[in-house]
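Okay, here's what each chain looks like letter by letter:
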Amino acid sequence: MKETTPRFIWMVSLLVCLLCAGAFGYLIAGGAKQKAVLFQEDTLPKLAYSARLNALQAEGYAQLWRMIETDDAVKRHAYAVEGHRFREQIDAILGAYDTAIAPGDRDGRRYFTNFVDKRQRYREVAHQVTDLLDSGQTLTGRRLAETDLVRAYHEYTL
């Protein structure tokens, strides 16, 4: 009996260690699974919105510059129509993103509001530029674009 007692204690100790290691592994895996689900449900949709938004912003900005650089009124109008289409798509994405922000997500709401404010500033400058172009003040419109519009777009896209 004396030989079996140390062996029994050693086996029980090993079993307890294995159970502890298994429980620890289970807890780690459960936490990782929870984070993966949160990433899938929260972060991935926001990344998709951001990627689509970035592409539309760049296309709209390029379209605006095409409009600024042309002296052809027909082309300018066509570029303006295309730019309007990009703005509508951006508005739709922002609407969807706005509803995707959780009610208690104060940081997310603050970032979104800040982005919308910067976009509004960019839109105001873009509108000033297009008004100047439409009124025949092409040189003034282009100067404003090269200074204020570039700055507003840079802030907007950050």
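The preceding data block contains the structure.
In this text the structure is predicted, and so the values were computed from the model without any measurement.

Draft legend 1. Summary view of the layout of surface pockets. By volume, the largest pocket is sized at about 510 Å³. Around the largest pocket, the lining is made up of 21 residues, and of these Ser50, Leu53, Tyr97, Tyr111 and Phe115 lie nearest the centre. The set of elements that each furnish at least two residues to the lining of the largest pocket consists of helix H1 (4–69), helix H2 (73–100), helix H3 (106–134) and helix H4 (138–157). When the residues that make up the lining of the largest pocket are grouped by side-chain class, the tally is eleven nonpolar, six polar and four charged. Here the second largest pocket defines a volume of roughly 360 Å³.

Draft legend 2. Highlighting the nonpolar core. Judged by nonpolar contacts, the single largest core of 27 residues is most densely connected at Ile68, Tyr122, Val129 and Leu149. For this core, the leading source of residues is H3, giving eight residues.

Draft legend 3. How the structure looks around the packing of H2 against H3. One way to put it is that H2 packs onto H3 with a least axis distance of 13 Å and a crossing angle of 170°. As far as their axial angle goes, H3 and H2 are roughly antiparallel. Considering only the axes of H2 and H3, their crossing is left-handed. Together, Arg76, Arg87, Ile90, Asp91, Leu94, Tyr97 and Asp98 of H2 and Arg109, Phe112, Phe115, Arg119, Arg123, Leu133 and Asp134 of H3 make up the contact between the two elements. The residue makeup of the contact of H2 with H3, split by class, is six nonpolar, no polar and eight charged.

Thresholds, definitions, all that
Residues numbered from 1 in each chain as written. Predicted model: local features only at pLDDT ≥ 70, side-chain atom pairs only at ≥ 80, totals over all residues. Heavy atoms only, no water. 1 Å grid on protein atoms, 1.4 Å probe; cavity = no way out; pocket = protein on both sides within 12 Å on 5 of 7 lines; lining within 4 Å. Points joined across faces, edges and corners; volume = space filled by probe spheres on them. Helix = DSSP H or I, 4+ residues; strand = E, 2+ residues; numbered from the N terminus. Nonpolar A, V, L, I, M, F, W, Y, C, P; charged D, E, K, R; others polar. Core = buried A, V, L, I, M, F, W, Y, C linked by side-chain atoms within 4.5 Å. Buried < 20%, exposed > 50% of the residue type's maximum accessible area, 1.4 Å probe, protein only. Axes fitted to C-alpha atoms, helices over the stretch in contact; angles between N-to-C directions. Parallel < 35°, antiparallel > 145°, perpendicular 65-115°, else oblique. Left-handed = near helix turned anticlockwise from the far one by under 90°. Contact = heavy atoms within 4.5 Å.

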